[in-house]
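This is what each chain is made of:
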Amino acid sequence: MQRKTGNGYIRKIDFVFYNEKQIREAVLDARNKPHMPGQNGSGIGDPTASAAIRNVTPIRKVNVKGELLEWPEDWLRVVDATYAWCDNDRLIVARDRYNGVDYRLTCAKIIIGKSQYFRLLDDARNYAALCAAQLGLIKVC
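Residues numbered from 1 in each chain as written. Predicted model: local features only at pLDDT ≥ 70, side-chain atom pairs only at ≥ 80, totals over all residues. Heavy atoms only, no water.

## Topic: the pairing of strand 1 (residues 61-64)
Line of reasoning, step 1. Here strand 1 shows one buried face, formed by Val62 and Val64, and one open face, formed by Lys61 and Asn63.
Line of reasoning, step 2. Examined bridge by bridge, strand 1 and strand 2 (residues 67-70) share four bridges and lie antiparallel to one another. Its bridge partner lying in strand 2, Lys61 is registered against Glu70.
Line of reasoning, step 3. Linking two consecutive strands that pair antiparallel, namely strand 1 and strand 2, is a turn of two residues; a positive phi of about 50° is found at Lys65 within it. (Buried < 20%, exposed > 50% of the residue type's maximum accessible area, 1.4 Å probe, protein only. Helix = DSSP H or I, 4+ residues; strand = E, 2+ residues; numbered from the N terminus. Pairing = 2+ DSSP bridges.)

## Examining the pattern of salt bridges
Any two side chains of opposite charge can pair, given that their charged atoms come close.
Line of reasoning, step 1. For the structure on display, the rule yields eleven salt bridges.
Line of reasoning, step 2. Between Arg60 and Glu70 there is a salt bridge, with the nearest N and O atoms lying 3.3 Å from each other. Of this pair, Arg60 sits in the loop between helix 3 (47-56) and strand 1 while Glu70 sits in strand 2, and the two are ten residues apart along the sequence. (Salt bridge = Lys/Arg side-chain N within 4 Å of Asp/Glu carboxyl O.)

## Describing the packing of aromatic side chains
Line of reasoning, step 1. Under the definition given, this model contains seven aromatic pairs.
Line of reasoning, step 2. Judged by centre distance (5.8 Å) and plane angle (50°), the rings of Tyr103 and Tyr117 are tilted. Taken together, the residues span a long stretch of sequence, with Tyr103 in helix 6 (residues 103-110) and Tyr117 in helix 7 (residues 114-134) at a distance of 14 residues.
Line of reasoning, step 3. On the accessibility criterion, Tyr117 (0% relative accessible area) is buried.
Line of reasoning, step 4. A ring pair is formed by Tyr103 and Phe118, whose centres lie 5.7 Å apart and whose planes are at 50°; its orientation type is tilted. Highlighted residues: Tyr103 in helix 6 and Phe118 in helix 7, separated in sequence by 15 residues.
Line of reasoning, step 5. An aromatic cluster is built from Phe17, Tyr18, Tyr83 and Tyr98, whose rings are joined through pairwise contacts.
Line of reasoning, step 6. The ring of Tyr83 carries Arg95 above its face, with NZ or CZ at 4.0 Å from the centroid. (Phe/Tyr/Trp six-rings, centres within 6.5 Å; stacked < 30°, edge-to-face > 60°. Lys NZ or Arg CZ within 6 Å of the ring centre and 35° of its normal.)

Encoded structure:
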């Protein structure tokens, strides 16, 4: 069970990381959704132009588990950047946490204590918050 935190932006970050796979699927579905001919803005039913415009236009929002997530591709960039930034222990802690692995199993796997586990998790969350703020996805003040 997920702990509730008082920070709205940390709850949003946790939501995105817990649902990364579903967000990726929703983005892929939105990209592959068939559109009506002539929706490329030119009034001409050019499927190549329509596909090109659709592929470069950012997806505004997707529905994930009954919640609307705005700018899902930017959120996925946050996830990818955070995992790329993490050292080995942080990466294991973050991936295990968001894949539902009990913290005690992760602590035993990498031989750390509970307080170190939560420090590493907080580091990853804080880095994700910085990335999200830089992209304008959250406001932290």
